[in-house]
Amino acid sequence: MAEKKDLSSMSTDALKSQLGTLKKLHTAIMVVFVIIIMLWVILGYWQKNLTFFISTIMLSVVISGSLIASRSGINNELKKRNNEVL
């Protein structure tokens, strides 16, 4: 398994770039889930298989939460650097 980079050793520009990439990834994944859920509702499939529909919604919530959590380390490091500058 590859070693995780120490965020404190990365440049601020690299952190901002990585944060931007994670935000774009999160947005793309959530757009896909929104489209899937909208199609379920519009086409009425949610009524035929309610369990699968609920599991799809829960999966989108869990994935969104994990993506937000993965960004928290970078956000905290950037906030720490901004506080040191001020």
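Above this note sits the structure.
Here the structure is a predicted model, which means the values were calculated and not measured.

Asks: Whenever I open this one, the overall build of the protein chain confuses me. Can you help?
Replies: Scanning the protein chain from N- to C-terminus turns up three helices and zero strands. Overall, the protein chain shows an N-to-C arrangement of helices and strands of α-α-α. In summary, the protein chain has a C-alpha radius of gyration of 18 Å against a globular reference of 12 Å for 86 residues, an excess of more than 25%. Projected onto its principal axes, the C-alpha coordinates of the protein chain cover approximately 55 × 30 × 15 Å.

Asks: Help me understand the packing of aromatic side chains, please; the structure alone is not making it clear to me.
Replies: Geometrically, a pair of aromatic rings is defined through the distance of the ring centres and the angle of the planes. Evaluated as defined, the whole model comprises three aromatic pairs. Centre to centre, the rings of tryptophan 40 and phenylalanine 52 are 5.4 Å apart; their planes meet at 35°, and the pair counts as tilted. In this pair, tryptophan 40 sits in helix α1 (residues 12-43) while phenylalanine 52 sits in helix α3 (residues 50-85), placing the two residues twelve residues apart along the sequence. Of the residues examined, phenylalanine 52 reaches a relative accessible area of 46% and is grouped as partly exposed. With a centroid separation of 6.2 Å and an interplanar angle of 45°, the aromatic rings of tryptophan 46 and phenylalanine 53 are classed as tilted.

The rules behind these values
Residues numbered from 1 in each chain as written. Predicted model: local features only at pLDDT ≥ 70, side-chain atom pairs only at ≥ 80, totals over all residues. Heavy atoms only, no water. Helix = DSSP H or I, 4+ residues; strand = E, 2+ residues; numbered from the N terminus. Rg over C-alpha atoms; globule rule 2.2 N^0.38 Å. Phe/Tyr/Trp six-rings, centres within 6.5 Å; stacked < 30°, edge-to-face > 60°. Buried < 20%, exposed > 50% of the residue type's maximum accessible area, 1.4 Å probe, protein only.

It is worth stressing that arrangement in space is one thing and function is another; only the former is reported here.
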